[in-house]
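A look at the structure
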Amino acid sequence: MGKKVIITGVNGFIGSHLAGKCLQSGYDVLGIDLAEKSKVAGIAYSQMDLSRDSIESILKKERAYALLHCAGMAAVKDSVERPEDDFVSNVLVSRKVLYALKDFSRETALLFLSSAGVYGNPAKNPIEESHEKRPISPYALHKSLIEEMCSFFVRQYGMDIRILRIFSAYGAGLRKQIFWDMGQKVQRDGKLELYGTGAETRDFIYIDDLTNAIRLIMEAEKVEHAVYNVANGVEISIRNIAGIFCKECGLPEGVVSFNQYKRTGDPVNWCADIARLRQLGYRMEIDIRAGVAKYVEWLKQTGVI
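These lines cover the structure that appears in this document, whether it is placed above or below. (Residues numbered from 1 in each chain as written. Predicted model: local features only at pLDDT ≥ 70, side-chain atom pairs only at ≥ 80, totals over all residues. Heavy atoms only, no water.)

Structural notes on the packing of helix α1 (residues 13–24) against helix α7 (residues 207–219)
- Between α1 and α7, the shortest axis-to-axis distance is 9 Å and the interhelical angle comes to 65 degrees. As for the relative orientation of α1 and α7, their crossing is right-handed in sense. Judged by residue contacts, Phe13, Ile14, His17, Leu18, Lys21 and Cys22 of α1 engage Ile207, Asp208, Leu210, Thr211, Asn212, Ile214, Arg215 and Met218 from α7.
- Class assignment for the residues of the contact of α1 with α7 results in eight nonpolar, three polar and three charged. (Axes fitted to C-alpha atoms, helices over the stretch in contact; angles between N-to-C directions. Helix = DSSP H or I, 4+ residues; strand = E, 2+ residues; numbered from the N terminus. Left-handed = near helix turned anticlockwise from the far one by under 90°. Contact = heavy atoms within 4.5 Å. Nonpolar A, V, L, I, M, F, W, Y, C, P; charged D, E, K, R; others polar.)

Overview of the pattern of salt bridges
- This structure, assessed with the given rule, holds 15 salt bridges.
- Put simply, Arg134 and Glu132 hold a salt bridge, and the shortest N to O gap is 3.8 Å.
- One salt bridge connects Arg263 with Asp266, and the closest N-O pair in it is separated by 3.1 Å.
- Sharing partners across several salt bridges, the network here consists of Lys133, Glu147, Glu148 and Arg165. (Salt bridge = Lys/Arg side-chain N within 4 Å of Asp/Glu carboxyl O.)

What about helix α10 (residues 288–301)?
- Look at α10: 20 Å from first C-alpha to last across 14 residues, which is about the 20 Å you get at 1.5 Å a residue.
- By the burial criterion, the buried members of α10 are Ile288, Gly291, Val292, Tyr295, Val296, Trp298 and Leu299. Viewed end-on, α10 has its buried residues packed into an arc of 155 degrees, placing them on one side of the element.
- In this fold, the buried residues of α10 make contact with β7 (168–170), α6 (177–189), β10 (204–206), β12 (236–237) and α8 (238–249).
- Once α10 finishes, Gly303 follows within two positions and takes phi at roughly 80 degrees, a positive value. (Expected span 1.5 Å × (residues − 1). Buried < 20%, exposed > 50% of the residue type's maximum accessible area, 1.4 Å probe, protein only. Arc of directions from axis to C-beta.)

With respect to the state of the cysteines
- Inspection of every chain in the model, using the stated rule, returns zero disulfides.
- A disulfide-free cysteine, Cys22 has its sulfur positioned 8.9 Å from the sulfur of Cys70, the nearest such atom.
- On the basis of relative accessible area, Cys70 is assigned to the buried category, the value being 18%. (Disulfide = S-S within 2.5 Å.)

Looking at the environment of Asn125
- Here Asn125 shows up in the loop between β5 (109–115) and α5 (138–157).
- With 147 residues separating them along the chain, Asn125 and Ala272 place their C-alpha atoms 7.0 Å apart.
- Those residues in contact with Asn125 that sit more than four places away from it in its chain are Glu235, Asn269, Trp270 and Cys271.
- At 3.4 Å, the side chain of Asn125 and the backbone oxygen of Asn269 are in polar contact.
- Of note is the side chain of Asn125, whose polar atom sits 2.9 Å from the backbone nitrogen of Cys271. (Polar contact = N/O pair within 3.5 Å; in protein donor to acceptor, adjacent residues only side chain to side chain.)

Spelled out as C-alpha cells, the structure:
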C-alpha cells in the first residue's frame with residue numbers, strides 16, 4: 001500500500017483532479033466531502049460536513065502522510081454576497097482542521113490551498129511571496145486569516161504546514177469563472193460582453209499543471225517558510241484570452257466587447273514570481289493556447305457550445 005493522503009473537498013474541481021493525480025502517483029486517497037458519494041473512482045470516501053462534523057476519528061485511524069485542504073467556498077462573487085457563509089466554510093472549518101491535526105496527527109503535513117487574492121492589487125508584478133497581503137474581497141480576506149492561523153500553528157507547535165497561493169486555475173470540468181462564463185455567453189448570445197476594459201491581466205495555470213505543482217510541494221522537504229505561488233509566471237490580458245477563446249470556438253474576435261465595469265473584489269493585474277516553485281522542479285506542460293483548446297473541446301463534448 002502507498003502512503004495515505006486525505007483530501008477535503010474531494011468532489012470539487014481541484015479536489016477531484018488532485019485525487020486522480022495522487023492515485024496515479026501511487027498514493028492511497030481518502031476523500032471527504034458533503035455529497036453522499038465520491039465523484040472519484042478508486043478512493044476511500046467519507047461523507048462529512050466539516051462545519052459540523054469532526055475529523056478527529058479519521059485522523060486517529062489514518063495517520064496520513066498529508067492532508068490536502070481543498071474544502072470551502074471558492075468564489076469571490078459569492079463571498080461578497082454571502083460573507084458569513086464564506087467565513088464559516090473557510091475560516092471556521094480550517095480552524096477545526098488545524099486543531100484536529102495538532103491534537104491527533106501532528107506529524108501529518110497540511111497543504112492549505114490559499115489564493116493569489118490575498119495580494120489584492122499588488123504594488124508590482126511579478127508578485128513574490130514576500131509581497132504585502134492586502135485583500136480586496138471577503139474571500140481573499142478569509143484566505144489571509146487562515147494563512148495567519150497556519151503561521152501560528154507552525155510557530156507554536158512546529159507543525160508542517162504549506163501554503164499554496166493559487167492564481168487563475170482552469171481546466172475541463174470547471175463550471176464557473178471566465179472560460180465557463182464565455183462558453184455560456186457564446187451559447188446564449190453568440191457574442192461575448194465581458195467585464196472590465198480587457199487590459200486586466202491574469203496568470204493562468206491549467207488543472208493538470210496545478211495538480212503536478214501541488215504534488216511537488218507535498219513531496220518537498222519541510223521548510224520554515226513554506227509559502228508558494230502556484231502559477232506559470234506568464235501574464236496575459238483578458239482581451240487576448242477572449243481572442244484565443246473565440247479562435248478555438250470558430251468565432252471572429254469582433255464579437256468581443258468590454259463593459260468597462262469593474263466588479264467588486266476583482267484585481268487589475270496579476271503575474272506570479274514562481275522561483276520557489278521552479279526550485280522544486282515545476283515546469284509548465286500546458287500553455288494557455290493548449291489549455292483553452294482543451295477547455296473548449298470539453299465545452300463541445302458536454303453540449304455547452
